[in-house]
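Residue-level listing of the chains:
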Amino acid sequence: MQLPPSAALSSIVKHYLILESDRNIHSNYRLFSDGNPGIVFHYKNQFKQLYHNDTREQTQPRSFVYGQITHYYDLQATGSLGMVVVVLHPYSINSLFRVSADEFNNGTIDLVDFYGSEVHNVEEQIHSAKSSNEIIAVIEKFLLKKTTAAYPNDAAFNQAISLIYQHKGIVTVEGLLKIIPVTERQLQRKFKHYIGINPKRFADVVKLQHFLKLLKNHPPDDKLAAIVYDSGYYDQAHLNNWFKKSSGVTPLQYRSNSNLLAINFMQM
């Protein structure tokens with residue numbers, strides 16, 4: 001279930017995603033980047049997490065913040081599923097936590113480390129909530145106390161991210177620099193600080209998400225070639241390579257998966 005934020009938090013929160021299942025099964029899931037960081041609250045069983053090309057396995061904290069995902073990773077349910085994901089705007093890590101966003105890349109950082117025992121109170125309120133709307137109300141009350149600013153006070157960065165979204169990721173850094181009066185190094189620093197990844201990589205993620213949205217709106221029997229060029233890829237081989245690198249599956253495997261929990265989160 002996807003729910004919108006209140007107007008007061010719409011510049012920080014993109015949307016809320018609530019996932020629930022009472023089945024006590026050990027399902028496997030795959031998560032890859034959509035360009036947005038987030039905050040997760042588990043109110044049932046936590047996931048076990050395994051990173052790509054890494055043998056380490058860890059149980060996620062009961063509540064945590066995560067930054068940009070530069071490699072896909074796999075999750076395993078350890079029982080019944082109950083979680084709310086606060087999907088943030090790309091720059092919101094910096095706005096909420098007042099640190100350079102790249103410090104959160106590929107991390108699942110316990111929210112208690114930032115806000116102490118206050119987080120336990122929020123977790124208990126979420127656990128005892130009677131409805132999705134009550135859960136969101138608890139989270140919004142908490143976030144409103146933590147929010148001191150919304151958009152970054154940086155005109156060049158704001159213009160750059162706006163152009164990337166406007167062109168659906170089909171834009172080069174060189175093209176941005178022709179419009180925005182900064183050097184390439186300055187732009188790299190701004191994106192690293194506010195988002196966590198460089199502008200090219202961010203544009204690539206936005207472009208891939210644009211492809212996925214086009215794919216979702218096309219009939220299942222349509223050939224991929226029909227939307228490859230509209231998504232800014234040179235050819236299907238170029239798309240296949242980038243898609244496999246980003247998600248660990250091919251576009252056809254993704255398309256045939258009937259267990260999508262979100263556009264970048266699927267049961268395997």
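See the structure printed just above.
Residues numbered from 1 in each chain as written. Predicted model: local features only at pLDDT ≥ 70, side-chain atom pairs only at ≥ 80, totals over all residues. Heavy atoms only, no water.

Trainee: Mind laying out the sheet that holds strand β4 (residues 38-42), listing which residues take part and the relevant values?
Mentor: The six strands lie next to each other as β1-β2-β9-β4-β7-β10, forming an open sheet whose pairing is antiparallel. The open sheet has two free edges, formed respectively by β1 (2-3) and β10 (108-110), since each of these has just one partner strand. Sheet topology places strand β7 (residues 63-66) next to β10; three bridges connect them, and they run antiparallel. Counted as the bridge partner of V65 is I109 from β10. Here helix α4 (residues 132-146) sits on the sheet in contact with β1, β2 (13-21), β4 and β9 (81-88), set at roughly 140° to β2. (Pairing = 2+ DSSP bridges. Helix = DSSP H or I, 4+ residues; strand = E, 2+ residues; numbered from the N terminus. Contact = heavy atoms within 4.5 Å. Axes fitted to C-alpha atoms, helices over the stretch in contact; angles between N-to-C directions.)

Trainee: Run through the packing of aromatic side chains, naming residues and quoting values.
Mentor: Summed over all chains, the structure comprises 18 aromatic pairs. With 6.4 Å between their ring centres and 55° between their planes, F64 and Y66 make a pair best called tilted. Ring centres of Y115 and F142 lie 5.4 Å apart, and the angle between their planes is 85°; this geometry places the pair in the edge-to-face category. Remark: F142 occurs in helix α4 and Y115 occurs in helix α2 (residues 112-115); sequence separation between them is 27 residues. Take Y115 and F142: they sit in the same class, and that class is buried. The ring of Y233 is capped by K207, whose NZ or CZ atom sits 4.7 Å from the centre of that ring. (Phe/Tyr/Trp six-rings, centres within 6.5 Å; stacked < 30°, edge-to-face > 60°. Buried < 20%, exposed > 50% of the residue type's maximum accessible area, 1.4 Å probe, protein only. Lys NZ or Arg CZ within 6 Å of the ring centre and 35° of its normal.)

Trainee: Explain the pattern of salt bridges to me, using residue names and the numbers behind them.
Mentor: Counted by the stated rule, this structure contains seven salt bridges. Residue R62 is joined to E123 by a salt bridge in which the shortest nitrogen-to-oxygen separation is 3.7 Å. Here R62 is found in the loop between β6 (57-59) and β7, whereas its partner E123 is found in helix α3 (residues 118-128), with 61 residues between them in sequence. Residue classification places E123 among the buried positions, given a relative accessible area of 5%. Taken together, the shared-partner salt bridges connect R62, E123 and E124 into one network. (Salt bridge = Lys/Arg side-chain N within 4 Å of Asp/Glu carboxyl O.)

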